[in-house]
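An overview of the molecular structure
As a plain string of letters, each chain reads:
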Amino acid sequence: MKYIAVFLLSFAANLLFGQIPTPANFLGYELGERFTRHSQVISYFEEVAKQSGNVTMVNYGETNEYRPLVVTYVTSLENATQLEAIQAANLARTGLNKGDSQAFNNLAIVWLSYNVHGNEAVSTEAAMQVLYELTSGETPQVDEWLKNTVVIIDPCINPDGRDRYVNWYNQKANTILNPHPESWEHDEPWPGGRVNHYLFDLNRDWAWATQLETRQRLKLYNQWLPHIHADYHEQGVNSPYYFAPAAEPYHAVITDWQRELQNMIGKNNARYFDEAGWLYFTRERFDLLYPSYGDTYPMFNGAIGMTYEQGGSGRAGLGVLTEEGDTLTLKDRISHHVTTSLSTIEIASQNSERVVQEFSDFYQQSQRGELGTYQSFVVKTNNNPEKVMALRSLLDTHLIQYEESTTSRNLSGFSYRQNGDVSFQVEEGDLVISASQPKSVLLQTLFEPEAELTDSITYDITAWAIPYAYDLDAYALTTSINATQEFAKTSFTPQTTEESAYAYVSKWNGVQDARFLSQLIQHGIKVRYATRDFSVEGQAFDAGTLIITRANNQALGAQFDQKVVALANSLQQKVTPIQTGYVESGFDVGSGEIRYIEPPKVLLAAGEDVSPYGLGEIWYFFEQELQYPVSVISAQKLEDINLSDYNTLILPSGQYQSVLEEVNLRNWIKNGGKVIALENALSYFEKQGEYQLSEFGNDQEQERIKRQKEDYQEQHQLASYDERERRSMSNYISGSIFKLRLDNTHPLGMGYPEHYFTLKRGSERYGYLEEGWNVATLANQESLISGFAGAEVQKQLSNSLIFGVEELGDGSIVYMADNPLFRAFWQNGKLLFSNALFLVGQ
């Protein structure tokens, strides 16, 4: 009866649906002859979904530039009518939902993600051909695959970046193919199509979910939790095709089965590539450590995650000459991605029962707490509520479960702040995250104090633990905590105006406070801040506290109280009314030490010599988090700008030696301007010779480091050639966490304790400022908290400046050797940047 039902369903579908058009018939050109705009791609997917009963198309969101984000589900006709039941059964297997976890236990779910990097544009072209191959009915074996496989196709994760590249290329491409790499269609302009609207790399955002595209995709991804996820990319023009198995280091939590299936799929890919005579490589370059990739995030959620890398990227265009003299065409690149896409589906189908069983076993072990080192994590109730709220939001995004403690008792565990095992007291109200839950592996990966490296050679950061990124008083335990209950939802009670108030006072210890200040300024409300701790009317307030006085805002008249309180309520920000300016300790409200915050008028440098990532992180912070206006301008045009119209210039990481030559920057600073320079931008001030910043604080320090380098070179003069890469690692940092000493009495450090956890991603060092303010400094090798940093570079970084302020006339320069806004996930750095923007130099 089952086969009769399937036949009737197929017969009815043939009557209801039409012929599947080839991409060429629909578009009017063969794939590979030109690049396809995103809107045309969507139209093709819509047409196939309209003509095929095997295909369901779902719109799951929209980009910052208003382009649709879609997926299609492709499976057999019988499965296509049961998608909701298939989805429910799979979630039941994970323990995230109740239901029949044994249903559809031979049905593998394969998710194919294309074009996360917009200028790796072959991926979306390939996605159209893959869709056609799966739906045309021309290949009997494909129809067999779909009987026990659901294929989810996301044709373009990054539509904004893709169209930026495609539109540029279609403007510049020669009518007659010109493969010479010198031709302008092979020279993509800044910032390139790789990144999204805010210039973020979406393949580094899976775990942090800072970007709009990621948040919308994760919502759908976690409703399915596929068994296999393949992520399609491009790499340099001269590189052969890469497919899994991946390179070391593998993260320690990756299972034997995940390794095994990567090998199985890799061997199947190799079979097809061998037959075609195509070059490829495996087990090199692309590792499985950092948790925010499109291969590792699925791995830590029980799937087999894989990266596919085709040679080409933005330089390749429709065709380009390689260094070996061959012409690599877009058609070639499409064929390679289509082949690995179908090969991946084939292996999933052939092993569907085991794929599902291993996935189920992964989640059963997770719920029993058998995977990973730790059994629970505790986040103390005495933490900044804003940080705890941000943490809970991130956990909710990933469906990581948490509760609150209902008892108080003494325990022992690893203290993140003290970087070691300690005894501590868990108290009622503490946030408790058990590792015995469905998302145990992802939880442990995001919270582990130190990632276990099987190899130190990796191409991204090696440390990321959430308690450091948020600077939380938190503990990792190898024991379970059972006395818990559902975490109570906090509620905000709107505040009322107090018309007799002398002033309103508001705390300053998080980015929410900076957002409140931003809104006050934009509504024309004048604000001061306290340079020292103070107490008034029996209440104590810390340095940095915002003070909004009636006297400074007389122009608002009777609307003063209403405006201040309304803005506070809209942001759920507590403001405390005080009836007097006469304080019990500290400086009176009318003192000159209660400084007026002059509204920043901000220029943000952009352009050819500026890091797109560094610019994007700052731009995103202004628009999406601070919600404060910023003027983004090409650095090359700074000489044409009347700088006196602005009081703040932000220099993201970049090279400014040439563009600032014609700008009288020093005089502008002396007259009250403020520069905030980040990462490589500091090199401009170091090399000028007229600023205090230098590589070494004094001659003795310079001589010490010189001797260290000479000793190292002498020791390794006879090292073997095959150890050259590993030897270089002694002077390398890709991303490690250091604990800095912080002067929290300086405006740059206000709102912090006497330490700051920084994510250091480079080996550049700067000596202490002789006459400036060394606000955050790296003391010695003991400062390394988490991640890999070469032994030699650790020595060289001892006694170095990380964050400091140089005063020059009426102005100042804020030096930020590390990036406090890195990838928008380093939550604890956002206040530091806000201090630089609003408090320093006032």
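Whatever comes next refers back to the structure up there.
The following refers to the structure shown. This is a predicted model, so every value here is computed, not measured.

Quick look at the overall build of the protein
- In terms of regular secondary structure, the protein is built from 25 helices and 36 strands.
- For a compact globule of 842 residues, the expected C-alpha radius of gyration is about 28 Å, and the protein comes in at 29 Å, within 12% of that figure.
- Taking the principal axes of the C-alpha coordinates as reference, the protein spans close to 90 × 60 × 60 Å.
- Looking at the protein alone, contacts between residues at least 24 apart form 78% of all its contacts between residues at least 6 apart.
- Accessible area of the protein: about 33200 Å², with a carbon and sulfur share of 45%.
- Across the protein, the centroid of the 63 positively charged side chains sits 2 Å from that of the 106 negatively charged ones.

Structural notes on the packing of aromatic side chains
- Taken as a whole, this structure holds 52 aromatic pairs when the rule is applied.
- On the basis of an interplanar angle of 85° and a centroid distance of 5.7 Å, the ring pair of Trp-206 and Tyr-221 is categorised as edge-to-face. In this pair, Trp-206 sits in the loop between helix H8 (159-172) and helix H9 (212-224) while Tyr-221 sits in helix H9, placing the two residues 15 residues apart along the sequence.
- A ring pair is formed by Phe-243 and Phe-273, whose centres lie 5.5 Å apart and whose planes are at 70°; its orientation type is edge-to-face. Of the two residues, Phe-243 sits in the loop between strand S6 (241-242) and strand S7 (247-250) while Phe-273 sits in helix H10 (residues 256-276), which places them 30 residues apart along the sequence. Across this residue pair, the class does not change: Phe-243 and Phe-273 are buried.
- Of note, Arg-217 hangs over the ring of Trp-206, and the distance from its end group to the ring centre comes to 4.5 Å.

So, the sheet that holds strand S15 (residues 409-415)
- The strand order across the open sheet formed by seven strands is S16-S15-S18-S13-S17-S14-S19, and the pairing between neighbours is antiparallel. The strands lining the two open edges of the sheet, one partner per strand, are strand S16 (420-426) and strand S19 (484-486). In this sheet, adjacent strand axes meet at a mean angle of 40° when their direction is disregarded.

Section: the side chain of Gln-495
- Among the secondary structure elements, Gln-495 is positioned in the loop between S19 and strand S20 (503-506).
- A residue is classified by how much of its surface remains accessible, and Gln-495, at 19% relative accessible area, is buried.
- Only 2.9 Å separates the side chain of Gln-495 from the backbone oxygen of Gln-573, close enough to count as a polar contact.
- Within the local environment of Gln-495, its side chain forms a polar contact with the backbone nitrogen of Val-575, the two atoms lying 2.8 Å apart.
- Ignoring anything within four residues of it in the chain, the contact list for Gln-495 reads Val-565, Ala-568, Asn-569, Gln-573, Lys-574 and Val-575.

Structural notes on the environment of Thr-745
- Tracing the backbone through its elements, the reader meets Thr-745 in the loop between strand S31 (736-742) and strand S32 (755-760).
- Considering only alpha carbons, one finds Thr-745 and Ala-555, 190 residues apart in sequence, at a separation of 33 Å.
- Contact partners of Thr-745, with chain neighbours within four places excluded, come to Thr-531, Arg-532 and Met-750.
- Reaching out from Thr-745, the side chain makes a polar contact with the side chain of Asp-743 at a distance of 2.5 Å.

Focus: the packing of helix H17 (residues 511-522) against helix H18 (residues 559-570)
- Between H17 and H18, whose axes approach to 10 Å, the crossing angle comes to 145°. The handedness of the crossing between H17 and H18 is right-handed. On the side of H17, the interface is formed by Phe-516, Gln-519 and Leu-520, while H18 contributes Val-564, Leu-567 and Ala-568.
- For the contact of H17 with H18, the class distribution of residues is five nonpolar, one polar and no charged.

Some words on the pattern of salt bridges
- Applying the stated criterion to the full structure yields 27 salt bridges.
- In this structure, the salt-bridge partner of Asp-201 is Arg-204, at a minimum N-O distance of 3.4 Å. Accessibility assignment for this pair places Asp-201 and Arg-204 in one class, buried.
- Residues Asp-818 and Lys-760 are paired through a salt bridge, measuring 2.8 Å at the closest nitrogen-oxygen approach. Remark: Lys-760 occurs in strand S32 and Asp-818 occurs in the loop between strand S36 (811-816) and helix H25 (829-838); sequence separation between them is 58 residues. No difference in accessibility class separates Asp-818 from Lys-760, as the two residues are buried.
- Salt bridges sharing common partners tie together Glu-120, Arg-194, Asp-201, Arg-204, Asp-460 and Arg-823.

Digging into the sheet that holds strand S25 (residues 576-578)
- One open sheet holds the five strands; their spatial order is S25-S20-S24-S21-S26, and the pairing between them is antiparallel. Two strands in the sheet have a free side with no partner beyond their single neighbour: S25 and strand S26 (594-596). On average, adjacent strands in this sheet sit at an angle of 30° to one another, irrespective of strand direction.
- Strands S20 and strand S24 (546-549) of the sheet are contacted by H17, whose axis makes an angle of about 25° with S24.
- Along the sheet, H18 contacts S20 and S24; its crossing angle with S20, the most-contacted strand, is approximately 10°.

Quick word on helix H5 (residues 83-94)
- The first and last C-alpha atoms of H5 sit 17 Å apart over twelve residues, in line with the 16 Å expected at 1.5 Å per residue.
- Phi turns positive, to about 90°, at Gly-95, one or two residues after H5.

As for the pairing of strand S29 (residues 648-651)
- Covered by surrounding structure in S29 are Thr-648 and Ile-650 together with Leu-649 and Leu-651, the residues of both alternating faces.
- The pairing of strand S27 (residues 602-606) with S29 spans three bridges and is classified as parallel. Each bridged residue has a counterpart across the sheet, and for Leu-604 the counterpart in S29 is Ile-650.
- Sheet topology note: the S29/strand S30 (residues 674-678) ladder contains four bridges and is parallel. Paired with Thr-648 across the two strands is Lys-674, which belongs to S30.
- Handedness of the S29-helix H20 (residues 665-670)-S30 crossover: right-handed.

Some remarks on unusual backbone geometry
- Cis geometry marks the peptide bond from Trp-190 to Pro-191, where omega comes out at 0°.
- Assignment of secondary structure puts Pro-191 in the loop between H8 and H9.
- Residue Pro-245 is bonded to the preceding Ala-244 through a cis peptide linkage, with omega at 15°.
- Position of Pro-245 relative to the elements: it lies in the loop between S6 and S7.
- The phi dihedral of Leu-225 falls on the positive side, at around 45°, and the residue is not glycine.

Here's the deal with empty space enclosed by the protein
- Enumeration according to the criterion identifies one cavity of 30 Å³ or more in this entry.
- Estimates place the volume of the largest cavity at around 30 Å³.
- Contributing to the lining of the largest cavity are Ala-606, Gly-607, Glu-608, Asp-609, Val-610, Ala-635, Gln-636, Gln-655, Tyr-656 and Val-659.
- Its residues assigned to classes, the lining of the largest cavity comprises five nonpolar, three polar and two charged.

Quick word on the environment of Ile-669
- As for its position among the elements, Ile-669 is in helix H20.
- Its relative accessible area of 0% is what places Ile-669 among the buried residues.
- Considering only alpha carbons, one finds Ile-669 and Val-130, 539 residues apart in sequence, at a separation of 58 Å.
- Excluding residues within four positions of it along the chain, Ile-669 makes contact with Val-675, Tyr-691, Leu-808, Asp-810, Gly-811, Ser-812 and Ile-813.

Observations concerning the nonpolar core
- Core analysis: the biggest nonpolar cluster contains 184 residues, and Leu-665, Phe-685 and Phe-838 have the highest contact counts within it.
- Among the elements that make up this core, the one with the highest residue count is helix H19 (residues 612-626) (seven residues).
- What Leu-665 contacts, discounting residues up to four positions off in sequence, is Leu-649, Leu-660, Val-675, Tyr-684, Phe-685 and Tyr-691.

Overview of the environment of Ala-824
- With respect to the secondary-structure elements, Ala-824 resides in the loop between S36 and H25.
- Relative accessible area serves as the criterion here: at 8%, Ala-824 is assigned to the buried category.
- It is 8.7 Å that separates the C-alpha atoms of Ala-824 and Ile-618, two residues lying 206 residues apart in sequence.
- Among all residues touching Ala-824, those that are not within four sequence positions of it are Phe-200, Thr-210, Tyr-620, Glu-625 and Lys-830.

What counts as what
- Residues numbered from 1 in each chain as written.
- Predicted model: local features only at pLDDT ≥ 70, side-chain atom pairs only at ≥ 80, totals over all residues.
- Heavy atoms only, no water.
- Helix = DSSP H or I, 4+ residues; strand = E, 2+ residues; numbered from the N terminus.
- Rg over C-alpha atoms; globule rule 2.2 N^0.38 Å.
- Contact = heavy atoms within 4.5 Å.
- Areas by Shrake-Rupley, 256 points an atom, 1.4 Å probe, with all protein chains shown as cover.
- Lys, Arg positive; Asp, Glu negative; His and termini not counted.
- Charge placed at Lys NZ, Arg CZ, Asp CG, Glu CD.
- Phe/Tyr/Trp six-rings, centres within 6.5 Å; stacked < 30°, edge-to-face > 60°.
- Buried < 20%, exposed > 50% of the residue type's maximum accessible area, 1.4 Å probe, protein only.
- Lys NZ or Arg CZ within 6 Å of the ring centre and 35° of its normal.
- Pairing = 2+ DSSP bridges.
- Axes fitted to C-alpha atoms, helices over the stretch in contact; angles between N-to-C directions.
- Polar contact = N/O pair within 3.5 Å; in protein donor to acceptor, adjacent residues only side chain to side chain.
- Left-handed = near helix turned anticlockwise from the far one by under 90°.
- Nonpolar A, V, L, I, M, F, W, Y, C, P; charged D, E, K, R; others polar.
- Salt bridge = Lys/Arg side-chain N within 4 Å of Asp/Glu carboxyl O.
- Expected span 1.5 Å × (residues − 1).
- Right-handed = clockwise from strand over helix to strand, strands pointing away.
- 1 Å grid on protein atoms, 1.4 Å probe; cavity = no way out; pocket = protein on both sides within 12 Å on 5 of 7 lines; lining within 4 Å.
- Points joined across faces, edges and corners; volume = space filled by probe spheres on them.
- Core = buried A, V, L, I, M, F, W, Y, C linked by side-chain atoms within 4.5 Å.

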